[in-house]
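# Architecture and fold: a report
Below, each chain spelled out in residue letters.
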Amino acid sequence: MRFDVCVIGGGVNGTGVARDLALRGLRVVLFERNDFAFGASGNSSGMIHGGVRYLETNPNVTESSCRDSGYIQQIAPFLLFRIPFIMPIAEGKKGRILIELIDAYFRAYDTYQPLKHSEPHTRLDAGDLSKLEPGLVGKNAGGVTFDEWGVDGARLCILNAIDAEEHGAELHNHTTVEGLARTSEGDWEITARDLMDQRRHRVRARAVVNATGAWSPITASLGKLPPAKVRVRPGKGIHVVYDRRLSNYGVLAEAIDGRQIFVMPWQNVTIVGTTDDDYFGDLDDVVSTSEEVRYLVQGVARVFPAIRAARAIGTYAGVRPTLYEYGKLEDSLSREHAIVDHADDDAPGVYSMIGGKLASFRLFSQEMSDIIARDLAPSSVCTTHEKPLPGGEKTIDALELAERHALTPVAARRLVFRHGARALDVLQGATEHEVVCPCEPVLASEVRHAIHAEHARTVDDVARRTRLGLGACGGMRCATRCGQIVARELDLPPSAGRAQAHAFLVKQAKMRAAALGPDQARQEALALASLRASGERT
Ligand SMILES: Cc1cc2nc3c(=O)[nH]c(=O)nc-3n(C[C@H](O)[C@H](O)[C@H](O)COP(=O)(O)OP(=O)(O)OC[C@H]3O[C@@H](n4cnc5c(N)ncnc54)[C@H](O)[C@@H]3O)c2cc1C
């Protein structure tokens, strides 16, 4: 099969570029080795923020992030949620000067706020601080608030992928690219293997985009391209997840080494994040450690001690594909993005996208697509900033939806949040509304929709799309039922569904163990062992 462009990698940059090129009328094929959003994109803090941190060192990153945040709100208004932040400033001589400096800094940041439809910052005194966020402790000179936006990164990838597909792209989930070679006609031949059924694919394309994030150097070497040209400095980041929203605001804190960390309400949970450490391990198996959890909790507890009494229900971890520089601290590395043209490596038509942010993925994808379109679709223009993502076509009223389909308001609200107007497609044909995961609550019809309309093939894929099993029960109440549905819908034997549910529970338990105290960790170890034993029996 001959395509115009082959995109390797189904993170936000790969799915973003596939959507942009498909909307321009090009024939696109996309291969994703694990699942869409498996990498950094599905494990980020989900902030479509303006990058206030980068204002001093990379003001370009701040501006492009703010502009793209505005565009993302325009094309998927249902998917974004507001996160106002508080930055407390400790009392003392330094504190008084600091508050003036920080106030001035945020005044500069305010000039970018209209781009992302955010409120300007406010300056607070100590009294305001404790009224707004009673959980804050310590003697504070005051603080500032600033207004940011959050997004579900996994859904952002899925929606980009689905839109690409609806505009003619061919998507291959769980399919790893294994080879890349130039043909005698000057095309590229890409070989790939489906990791679930071992089916092999061989396609041809005029151009190839390596959008494999932290995997980029490995992918480059598949085409015998010099990995050093696409070198990244993989930076591991973890988050700790708590069972409910604990604060009104996102609160900034300092870790023991002075790095900025945070606690924030995120969807229906709270997350504490994030670390940023050089990573040299297996990119397909990134696991949080209890040391990383302690580092974060220690820092947050200094300003928000309630975190120590709160119930941690898990962790998640990802690896940033940061641009390579030697000798700098991880935190101070540039968050800019870069496109590498491999024409100089005797590979014309092959490009690598490295670095960047979730917040500026659309712009990065546009820059990549503009380069490719120069040769392959010269009269085309980018429309990704104005054409809605699937679900953004019109607004749906959640309460009306609840009434019409006899759903609880919570179930309807979260469906609209995740699917926008496509919530109607999710419910189409469903005669009853079985709740599979009560923590959210996730409906059986949404599980089926994930399988048939969003390329989910496993329980883990369903969880990524719906948040099934990511709440307080850790999947104990829903993984088995979800496995049954996956097996039935994909025509697999029931034992395959059970094995998938078991694999999901083991993964969740492994990610949870790092966040637990010694007693609970011992209990988890027992639960893991019994899960393993029951898995072996299935
Ligand atoms: C902890 C953390 C917090 C972050 N917080 C934020 C934030 O709040 N805001 C923000 O803007 N940015 C944030 N980022 C950065 C942002 O998440 C990344 O810059 C962005 O997601 C990178 O996307 P990507 O598509 O390049 O890479 P990825 O999302 O990592 O995608 C690469 C994909 O390539 C696939 N792949 C690899 N090899 C192959 C192969 N051979 N064949 C096929 N597929 C392959 C992988 O499976 C993977 O899915 C954060 C990152 C981390 C890790």
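Residues numbered from 1 in each chain as written. Predicted model: local features only at pLDDT ≥ 70, side-chain atom pairs only at ≥ 80, totals over all residues. Heavy atoms only, no water.

Moving on: the overall build of the chain. Per the secondary structure count, the chain includes 16 helices and 19 strands. Taken over C-alpha atoms, the radius of gyration comes to 23 Å for the chain, in line with the 24 Å a tight globule of 538 residues would show. Along the first, second and third principal axes, the C-alpha set of the chain runs to 70 × 55 × 45 Å. The burial tally for the chain puts 59% of its 538 residues in the buried class. Look at the contacts in the chain between residues 6 or more apart in sequence, and 71% of them connect residues 24 or more apart. Taken as a whole, the chain presents about 22300 Å² of accessible surface, with 52% of it coming from carbon and sulfur. (Helix = DSSP H or I, 4+ residues; strand = E, 2+ residues; numbered from the N terminus. Rg over C-alpha atoms; globule rule 2.2 N^0.38 Å. Buried < 20%, exposed > 50% of the residue type's maximum accessible area, 1.4 Å probe, protein only. Contact = heavy atoms within 4.5 Å. Areas by Shrake-Rupley, 256 points an atom, 1.4 Å probe, with all protein chains shown as cover.)

Further remarks concern the pairing of strand S1 (residues 2–8). Judged by how many residues are buried, S1 sits mostly within the fold: 6 of 7 residues are covered. Two elements, S1 and strand S9 (residues 200–210), share 6 bridges in a ladder whose sense is parallel. Considered in S9, the bridge of Val 5 is made with Ala 207. Note that the unit made of S1, helix H1 (residues 12–23) and strand S2 (residues 28–31) has a crossover that is right-handed. (Pairing = 2+ DSSP bridges. Right-handed = clockwise from strand over helix to strand, strands pointing away.)

Attention shifts here to the nonpolar core. Ranked by internal contacts, the top residues of the largest apolar core, which has 35 residues, are Val 240, Tyr 242, Val 272, Val 300 and Ile 307. Within the residue set of this core, elements represented by two or more residues are strand S10 (232–242), strand S11 (250–254), strand S12 (260–266), helix H7 (290–301) and strand S15 (312–323). Element by element, the count of residues in this core is highest for H7, at 6 residues. Setting aside anything within four residues of it in sequence, one finds Val 240 in contact with Thr 270, Ile 271, Val 272, Val 293, Leu 296, Ala 312, Gly 314, Thr 315 and Ala 515. (Core = buried A, V, L, I, M, F, W, Y, C linked by side-chain atoms within 4.5 Å.)

End to end, H7 covers 16 Å across 12 residues, agreeing with the expected 16 Å (1.5 Å per residue, within 8%). Of the positions making up H7, those classed as buried are Glu 292, Val 293, Tyr 295, Leu 296, Val 297, Gly 299, Val 300 and Ala 301. (Expected span 1.5 Å × (residues − 1).)

This part takes up the site of the ligand. Of all residues adjacent to the ligand, which total 37 residues, the nearest are Asn 13, Glu 32, Ser 41, Met 47 and Ala 359. Contact between the ligand and Asn 34: an oxygen atom at 2.9 Å from a side-chain N or O atom of the residue. Between Ser 41 and the ligand, the recorded distance is 2.5 Å, taken from a side-chain N or O atom to an oxygen atom. Expressed as a share of its isolated accessible area of 1000 Å², the protein-covered part of the ligand is 98%. When contributions to the shell around the ligand are tallied by element, the ones reaching two or more residues are H1, strand S7 (175–182), S10 and S15. Top element by residues in the shell around the ligand is S15. It accounts for 4 residues. Taken together, the residues that form the shell around the ligand break down as 12 nonpolar, 21 polar and 4 charged. (Near = heavy atom within 4 Å. Polar contact = N/O pair within 3.5 Å; in protein donor to acceptor, adjacent residues only side chain to side chain. Nonpolar A, V, L, I, M, F, W, Y, C, P; charged D, E, K, R; others polar.)

Moving on, we come to the environment of Ala 373. Inspection of the secondary structure puts Ala 373 in helix H8 (residues 361–376). Along the sequence, Ala 373 and Gly 25 sit 348 residues apart, while their C-alpha atoms lie 10.0 Å from each other. Those residues in contact with Ala 373 that sit more than four places away from it in its chain are Arg 24, Pro 378 and Ser 380.

Before going further, it helps to examine helix H10 (residues 409–419). In terms of burial, H10 is a largely internal element, 8 of the 11 residues being buried. The set of residues buried in H10 consists of Ala 411, Ala 412, Arg 414, Leu 415, Val 416, Phe 417, Arg 418 and His 419. One or two residues past the end of H10 sits Gly 420, with phi positive at roughly 55°.

If you walk through the whole model with that rule in mind, you get 40 salt bridges. A salt bridge links Asp 20 to Arg 24; its shortest N-O distance comes to 2.6 Å. Summarising the burial analysis for this pair, Asp 20 and Arg 24 share the class buried. Note that Arg 204 and Glu 185 form a salt bridge whose closest N and O atoms lie 2.4 Å from each other. Here Arg 204, found in strand S9, pairs with Glu 185, found in the loop between S7 and strand S8 (188–194); they are 19 residues apart in sequence, far enough to count as distant. The partly exposed category is assigned to Arg 204, whose relative accessible area is 29%. By relative accessible area, Glu 185 is classed as exposed at 54%. (Salt bridge = Lys/Arg side-chain N within 4 Å of Asp/Glu carboxyl O.)

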